[in-house]
Amino acid sequence: FLAISPNNRIPAIVDRAPADGGEPVSVFETGAILIYLADKTGQLLPPPDDYLKRMDAIQWLMFQMGGVGPFFGQTHHFNRFAKEKIPYAIERYVTETKRLYSVMDRRLAEVAYLGGDDYSIADVATFPWVARWEWHGLDHGLRDYPNVVRWYDAIRARPAVQRGYDVPPSDQEIPAP
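Enquirer: Hey, could you go over the overall build of the chain for me, with residue numbers and the actual values?
Expert: Assigned secondary structure in the chain consists of 6 helices and 3 strands. In terms of overall dimensions, the chain is globule-like: its C-alpha atoms have a radius of gyration of 17 Å, near the 16 Å expected for 177 residues. Counting over 177 residues, the chain shows a buried share of 38%. Looking at the chain alone, contacts between residues at least 24 apart form 53% of all its contacts between residues at least 6 apart. Carbon together with sulfur atoms contributes 56% to the accessible area of the chain, which is approximately 10300 Å² in total. Between the mean site of the 19 positive side-chain charges and the mean site of the 23 negative ones, the chain shows a separation of 5 Å.

As structure tokens, this is what we get:
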């Protein structure tokens, strides 16, 4: 596994049928995997010749990787899973989580999706973290972030997202804001 993922963590993939027909390609880390697959399929990311739109989607993917993922993850840990409740840690991570929601809300006031006018890998990466909004210690749920709610509802309604929540089959619903 270390040959595929030097960090010894998931996710990691091995593409045994790369686009160039060459040897299998290993890719690790969510953002890198999403970019690789988007480029391979020509979906969910503007092509390199549409540079500004492509960079818009990539920078919002990086926003998820550097902000949403790490901080929402720490919020989940300290709010929900830590055996010892540490008020300083909870306040620190909930405060940053709210700030990140505000950043997303401002962005989504301007465009339909985080990466621009079209659904992209930035949304694919961010939605699962927002789907656990009830763990984030928000004062009023997502109601303080109406543009995030609109975005969330649009993604939540996508048939592929609904199918994804059924793997493995469960009775868990995607929470409504």
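That covers the picture; the talk isn't over yet.
Enquirer: Requested: an account of the pattern of salt bridges, with residues and values cited.
Expert: By the definition in use, this model includes 6 salt bridges. Put simply, Lys 40 and Asp 15 hold a salt bridge, and the shortest N to O gap is 2.7 Å. Linking Lys 40 in helix α1 (residues 30–41) with Asp 15 in strand β1 (residues 12–15), this pair joins segments that are 25 residues apart in sequence. According to the relative accessible area criterion, Lys 40 is partly exposed, its value standing at 34%. We classify Asp 15 as buried; its relative accessible area is 9%. For Asp 39, the salt bridge goes to Arg 54, with nearest N and O atoms at 2.9 Å. You can see Asp 39 sitting in helix α1 and its partner Arg 54 sitting in helix α2 (residues 51–81), a full 15 residues away along the chain.

Enquirer: Tell me what's going on with the nonpolar core, and back it up with residues and numbers.
Expert: In terms of nonpolar packing, the biggest core is built from 33 residues, with Tyr 101, Met 104, Val 130, Leu 142, Val 148, Trp 151 and Tyr 152 touching the most fellow members. Taken together, the elements giving at least two residues each to this core come down to α1, α2, α3 (87–108), α4 (121–130) and α5 (146–156). Counting residues per element, this core draws most heavily on α2, at 7 residues. With near-sequence residues (within four places) excluded, Val 148 lies in contact with Tyr 101, Met 104, Asp 105, Leu 108, Val 130 and Leu 142.

Enquirer: Describe the packing of aromatic side chains, and please don't skip the residues or the numbers.
Expert: Aromatic ring pairs are reported here in terms of the distance separating the ring centres and the angle at which the planes meet. Following the criterion strictly, the structure yields 9 aromatic pairs and no others. Arranged with centres 5.6 Å apart and planes meeting at 5°, the rings of Phe 78 and Tyr 93 form a pair that is stacked. In this pair, Phe 78 is assigned in helix α2 and Tyr 93 in helix α3, connecting sequence segments 15 residues apart. With a relative accessible area of 15%, Tyr 93 lands in the buried category.

Enquirer: Pulling in residues and values, what's your account of α4?
Expert: Among the 10 residues in α4, 7 count as buried, and that is most of the element. Among the residues of α4, those classed as buried are Ile 121, Ala 122, Asp 123, Ala 125, Thr 126, Phe 127 and Val 130. Its buried side turned inward, α4 meets α1, α2, α3, β3 (139–142), α5 and α6 (159–164).

Enquirer: Run through the packing of α3 against α5, naming residues and quoting values.
Expert: The geometry of α3 relative to α5 is characterised by a closest axis approach of 7 Å and an angle of 75° between their N-to-C directions. Here α3 lies roughly perpendicular to α5, going by the angle between them. Seen from α3, the contacting residues are Tyr 101, Met 104, Asp 105 and Leu 108; seen from α5, they are Pro 146, Asn 147, Val 148, Arg 150 and Trp 151.

The rules behind the values
Residues numbered from 1 in each chain as written. Predicted model: local features only at pLDDT ≥ 70, side-chain atom pairs only at ≥ 80, totals over all residues. Heavy atoms only, no water. Helix = DSSP H or I, 4+ residues; strand = E, 2+ residues; numbered from the N terminus. Rg over C-alpha atoms; globule rule 2.2 N^0.38 Å. Buried < 20%, exposed > 50% of the residue type's maximum accessible area, 1.4 Å probe, protein only. Contact = heavy atoms within 4.5 Å. Areas by Shrake-Rupley, 256 points an atom, 1.4 Å probe, with all protein chains shown as cover. Lys, Arg positive; Asp, Glu negative; His and termini not counted. Charge placed at Lys NZ, Arg CZ, Asp CG, Glu CD. Salt bridge = Lys/Arg side-chain N within 4 Å of Asp/Glu carboxyl O. Core = buried A, V, L, I, M, F, W, Y, C linked by side-chain atoms within 4.5 Å. Phe/Tyr/Trp six-rings, centres within 6.5 Å; stacked < 30°, edge-to-face > 60°. Axes fitted to C-alpha atoms, helices over the stretch in contact; angles between N-to-C directions. Parallel < 35°, antiparallel > 145°, perpendicular 65-115°, else oblique.

Nothing here speaks to function; it is all geometry.
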